[in-house]
Amino acid sequence: MLTLAALARRSEYALHLPADHDRTGDDGVVVDRAALLTRADWPAESFAGTLLVCEPGGIDPGRAATVLRRLAGQRAAGLVVADAEGRALPAGLVAAARQAGLPVLRSTEPVPVWRHTLIPRISEQRLRSADRHALRLGRLLDHVAPGRRSDPAELIAWLSGELGADIRLTEAGHPHPPGDTALSPAALCHPVAGTGRVLTARRPLPWSAPEAELLRRAAAVLAPAPPSPAGPVREGRAARLTASLRAARLAAFQALMTGHIESAQRILGPLSPGLLDTGEAQIAVVDCAAGPRDEVFALVEARLDADGNGLAVRCPAFESHIIVVAPRPDPGAREAPALGRLRSLVAGNGLLSLGISPVLPVEDIGSGYGMAYDALATARISPARAATAAGTPGLLEALDPVAAGRWATALLAPVLGRRGHDQQLSTVGLGLEFEVSAAGRILGIHRNTLSRRVRGMLRATGLDPDRALDRVTLSLALQIHALHGPAPTAGAVPPLAGLFAGERVTAWAAAALAPLRQAATDRRTTDGETLLRTLRVWAALDFRVDAAARETGLYPATVRSHIRAAEGQLGWMLLSALPTGHLATDEDAPRKQSGVRNLAVALQATPGSPALLLPDPVHAAGEPSPS
């Protein structure tokens, strides 16, 4: 749960309350989202739970009382005046806020930083809370699983620890014992049907709506189930059959992701005859965001069943994702037939978004998954809530295909002759593209096994497994090889730096970094040139935030703020994760290889200081030894 007081305690928001403000009430103000409030135009829908951000003077002093009363009446969480100069709030605004009962704060972070960094961060926090709520509901369902007798004491102990509250099951009419005087006198109470008991909960912090819902559902779980001798048996068998079918489909999907096409066809043969009897397919990712994934999954399955031309699985790595493999049997069709049904599903639901890969050979489904994942970022801001990735990423399209293919083939030569090298390349490629834990779950491979494969290929190609820039080099080679295949052995192998010096690559790099050269963010400390300078130092120091902070003389939090602000300008994921329930890792580790790979190449192809040079074992090995 995110409260106004919790935000005020976090330094990156630079929030300050008026000196005479009573902080105690802010613990009860829950922030569901944040949005900009402009002077001339603000929507008429409810602002319930919204923290609104405006520039100094964004509210006309003559209308302040009216505007703040309206915001308070719509149950807004509060108003932030973003002023980089750090000036005090106007006395009239403070008085109007006090009269309306609306918290008003000032922030020394300006509006552009809120727009590009802080507002998305609040959204991510709320989505993580929604993911946690979904996991809690799933844990609660475990207590009503077929064949299991729910233990009230075990359930209450789990709820108490999960919610940080004193939760008890008391007789109706007997109040909850007062206990610690630090506890708030307010309590949530839910009767347990058929028992004459009440589930009560107390804690110092306020209760959010999802937490209250969890307690209400827990009370329903504690109620005795009505006797039904035959129904549970049939329902249990149906549930086991459904679970088995979905497990089989997941196994087929993971076989596809690792390049084992025949194994996937054998698994799916009895379930979906002919589904993979095609040479081309697309892969799509449906992001349920804060919505219930099981309900969306049922809708996806129903739409795919209508034409029998798609394979849907719950993503085993990201809690809010559904993955769909959609074969394209007709080579003349623009896209796979199943995708039209998915587009209509997300277009009618503002919470869903759909990322789609281009049409690819079935053998390249593993590469398509990463492209569909990246397309989600565009889908979230598209009016249709869907986006298809470009046929080739901009960087790969800019590279000379013959020269790049020779370089990649030379780098990968030590592993290309190994047995089953195609499967190894695809699994290692995904292990580099995503965090190893997430990639391992997607592929159905233990994270330690995948990590050994990644490190082994890095060593075999002369790269350092412990350096992020070396991983970028191998990732680039795998991307080029997947696009162009093995190159002829005849002909000189160009150095990697030579590939980046080509006119098309330098033009791509200039266009990619151009947003940073525009008036971007806070002109005091985070203008585009400052962001670019921080990115250069961060990349040159192998993407280590603490090292970059020492080199630049900035605080680590400031370096992270610069990187995340640059993300909003460039449209690349560098530190931030998409709000999809990413597995927990070191917060300073680069999250998505495609963004870091693009950044590293763009910085090397563009002159600047400090200079960046990706490692190139092929070129280093081919140079003569100094005499």
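Nothing here was measured: the structure is a model prediction, and the numbers come from that model.

Peer 1: Teacher, can you tell me more about helix H5 (residues 152–163) here?
Peer 2: Note that an α-helix has 3.6 residues per turn; residues three or four places apart therefore point the same way. Compared with an ideal rise of 1.5 Å per residue, which puts twelve residues at 16 Å, H5 spans 16 Å between its outermost C-alpha atoms and is within 8% of the ideal. Every buried residue of H5 is accounted for by Leu 155, Ile 156, Trp 158, Leu 159, Ser 160 and Leu 163.

Peer 1: Quick question: what am I supposed to make of the pattern of salt bridges here?
Peer 2: Opposite charge on two side chains permits pairing when their charged atoms draw close. On inspection of all chains with the given rule, the structure shows eleven salt bridges. Note that Glu 280 and Arg 328 form a salt bridge whose closest N and O atoms lie 2.4 Å from each other. Residue Glu 280 is located in strand S9 (residues 280–287), and its partner Arg 328 is located in the loop between strand S11 (321–327) and helix H10 (337–347); the two are separated by 48 residues in the primary sequence. Residue classification places Glu 280 among the partly exposed residues on the basis of a relative accessible area of 28%. In this structure Arg 328 comes out as buried when scored by relative accessible area, which is 10%. Through salt bridges with shared partners, a single ionic network connects Arg 10, Glu 12 and Arg 121.

Peer 1: Before we go on, may I ask you to explain the confidence of the model for the chain in this structure?
Peer 2: For residues with low pLDDT, the predicted coordinates do not support detailed interpretation. Taken residue by residue, the chain gives an average pLDDT of 77. The fraction at 70 or more is 79%. This model gives residues 519–525 a pLDDT under 50, and the stretch forms 22 contacts once residues within four places in sequence are excluded. Long-range and interchain partners of residues 577–590, a stretch whose pLDDT sits below 50, account for 49 contacts in this model, where long-range means more than four residues apart.

Peer 1: Got a minute to help me understand unusual backbone geometry in this structure?
Peer 2: Leaving glycine out, the prevailing phi sign among residues is negative, and the prevailing peptide bond configuration is trans. The omega angle of the peptide bond from Ser 609 to Pro 610 is 0°, so this bond is cis rather than trans. If you check the backbone angles, Ala 14 has positive phi at about 50° while not being a glycine. By secondary structure assignment, the location of Ala 14 is in the loop between helix H1 (4–8) and strand S1 (15–16). Residue class for Ala 14 comes out buried when judged on its relative accessible area of 14%. We note that Phe 543 has phi near 60°; this positive angle belongs to a residue other than glycine. Checked against the element boundaries, Phe 543 lands in the loop between helix H20 (528–540) and helix H21 (545–552). Overall, the relative accessible area of 3% leaves Phe 543 in the buried class.

Cut-offs applied
Residues numbered from 1 in each chain as written. Predicted model: local features only at pLDDT ≥ 70, side-chain atom pairs only at ≥ 80, totals over all residues. Heavy atoms only, no water. Helix = DSSP H or I, 4+ residues; strand = E, 2+ residues; numbered from the N terminus. Expected span 1.5 Å × (residues − 1). Buried < 20%, exposed > 50% of the residue type's maximum accessible area, 1.4 Å probe, protein only. Salt bridge = Lys/Arg side-chain N within 4 Å of Asp/Glu carboxyl O. pLDDT = per-residue confidence, 0-100. Contact = heavy atoms within 4.5 Å.

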